[in-house]
Amino acid sequence: MLIVQKYGGTSVGDLDRIQNVANRVAKTAKAGNDVVVVVSAMSGETNKLLGYANHFSKTPPQREIDLLVSSGERVTSALLSIALQEMGLKAIAMTGRQAGIKTDSNHTKARISFIDPEPMKNQLKSGKIVVIAGFQGINENGDVTTLGRGGSDLTAVAIAGALKADVCEIYTDVDGIYTTDPRIESNAKRLNKISYDEMLELASLGAKVMQSRSVELGKKLNVDILVKSSFKDEDNNGTLITKESKEMEKVLVSGIALDKNQARVTIFGLEDKPGINAELFNKLADKHINVDMIIQNVSHDGKANVTFTIPQTEIDLAKNVLIDFEKRCDEISFDDSIAKVSIVGVGMKSHSGVAANAFDTMAKENINIQMISTSEIKISMVIDEKYGELAVRALHSAYNLDK
Ligand code: ADP
Ligand code: ASP
Ligand code: MG
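Bear in mind the structure is a predicted one, so any value in this text is a computation, not a measurement.

Asker: Mind laying out the sheet that holds strand β16 (residues 303–311), listing which residues take part and the relevant values?
Answerer: On the basis of which strands lie adjacent, the open sheet formed by four strands has the order β15-β16-β14-β17 and antiparallel pairing. Every interior strand has two partners, whereas the edge strands, β15 (294–296) and β17 (331–335), have only one. Each neighbouring strand pair of the sheet contributes to a mean axis angle of 15°, computed without reference to strand direction. Summarising the sheet, β15 and β16 pair through three bridges and their orientation is antiparallel. In the strand pairing of β16, Q296 is matched with V306. Seen against the sheet, helix α8 (residues 276–286) touches β14 (262–271), β15 and β16 and runs at an angle of roughly 20° to β16.

Right, dumping it as structure tokens:
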């Protein structure tokens, strides 16, 4: 078998843990498999490097940021390869560039455009374990790019697709995907299986256990993703992220996600004329600002209020874009003390009353809902940040996810 394994930050968090990963990889290779390993930076490393950059600049050039943070994963890949070779195995560490990963030039959240599988295949053919620094590639100019936070997941899924691997295993500090973050609700239950679409919603709505773009790509390339613990030997069946099946629809709600990294932007009294929203949201899109929920109220006296959410990390960028609109509205306000809590499940397609139950639950807890958005398989609510965890626990029990 050809197996791609990815080990996240906590799993390679110190030298003993890297040795633990080396032992696991060695076991898989000795069982007769071809193994490609993707590693993250040691936990805390990426944030530390970003902190260094912020010491010198509030808005450091993104190209240099990518060169800087890509080093974290390189350190781990080299150390793991050294550990494996010391154990008598043949191994080679590769950067994203050496592994043939080409991306666009959207620094800090680049998209993979192409993977040349030959360099990796050649190493595998010569009997080596290939250890790849996750989270990175190169653009057309040969500059290093990175794939967005949590992007080593994307590296692993993309490589599994390019090499047509038999499995893509994501090893992390939990033993699978749970009904909600087990750090928030200790009664959360591990799911055996979850559909790509549900996982994609959970991930984009705050469940950081998988990077959302990696799930999107997994769906596109039809890569089955198995999420497991890097610390457990026994009872480690994990969660399979795979195509939707009939049995999944029987479950009303699969999971609950919490995102505390969102901010709300409100433009009060914006000139209400055709084309104004197009102009506003195109300008935000040009700066690659990820706009999520959008609400516009009924206009009054030729003016309307427009409210939307963006990631907190993009507030400064958004402020720059919105300078253009200051003269065409009454006021612009930013609020980063919000949380978005979401309920996800493919079963919602065929059941009614799911939203009413969510609103009842918030009412019982006396939590005010500021914004609501729904899709076929999710309901999201924006609430005051301080009630985020409380809302998750209340909803988890309201939908009987602890049973
Ligand atoms: P890694 O460093 O291995 O990439 P992450 O820290 O990115 O790991 O993701 C694992 C964490 O995701 C867990 O420790 C857990 O707290 C969190 N998490 C959030 N939602 C969920 C969920 N629904 N199921 C499992 N873990 C979750
Ligand atoms: N080290 C990167 C991050 O912290 C990528 C990853 O861990 O997947 O976001
Ligand atoms: Mg991660």
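Asker: Report on the nonpolar core, specifying residues and quantitative values.
Answerer: By size, the foremost hydrophobic cluster in this structure holds 42 residues, and its most contacted members are V36, M120, I132, I159, M199, M210 and I241. When residues of this core are assigned to their parent elements, the largest contribution, six residues, is made by helix α5 (residues 152–162). Among all residues touching V36, those that are not within four sequence positions of it are L2, I3, V4, Q5, L124, V130, I132, I159 and L163.

Asker: Could you give an account of the site of ligand 2, with specific residues and numbers?
Answerer: Surrounding ligand 2, one finds S40, A41, T46, E73, F135, R149, G150, G151 and S152. In this structure, a nitrogen atom belonging to ligand 2 sits 2.9 Å away from a side-chain N or O atom of E73. Separating an oxygen atom of ligand 2 from a backbone N or O atom of G150 is a distance of 2.8 Å. Surface burial for ligand 2 is 85%, taken as the share of its 260 Å² of free accessible area covered by protein chains.

Asker: I'd love a proper account of the packing of helix α1 (residues 15–30) against helix α3 (residues 62–86), names of residues and values included.
Answerer: Orientation of α1 relative to α3, taken along the N-to-C sense of each, is 60°, at an axis distance of 9 Å. By the criterion of interaxial angle, the relationship of α1 to α3 is oblique. Every pair of crossing elements has a handedness; the one defined by α1 and α3 is right-handed. Between α1 and α3, the contacting residues are L15, I18, Q19, V21, A22, V25 and A26 on the first element and T76, L79, L80, A83 and L84 on the second.

Conventions adopted
- Residues numbered from 1 in each chain as written.
- Chains lettered and ligands numbered in written order.
- Predicted model: local features only at pLDDT ≥ 70, side-chain atom pairs only at ≥ 80, totals over all residues.
- Heavy atoms only, no water.
- Pairing = 2+ DSSP bridges.
- Helix = DSSP H or I, 4+ residues; strand = E, 2+ residues; numbered from the N terminus.
- Axes fitted to C-alpha atoms, helices over the stretch in contact; angles between N-to-C directions.
- Contact = heavy atoms within 4.5 Å.
- Core = buried A, V, L, I, M, F, W, Y, C linked by side-chain atoms within 4.5 Å.
- Buried < 20%, exposed > 50% of the residue type's maximum accessible area, 1.4 Å probe, protein only.
- Near = heavy atom within 4 Å.
- Polar contact = N/O pair within 3.5 Å; in protein donor to acceptor, adjacent residues only side chain to side chain.
- Areas by Shrake-Rupley, 256 points an atom, 1.4 Å probe, with all protein chains shown as cover.
- Parallel < 35°, antiparallel > 145°, perpendicular 65-115°, else oblique.
- Left-handed = near helix turned anticlockwise from the far one by under 90°.

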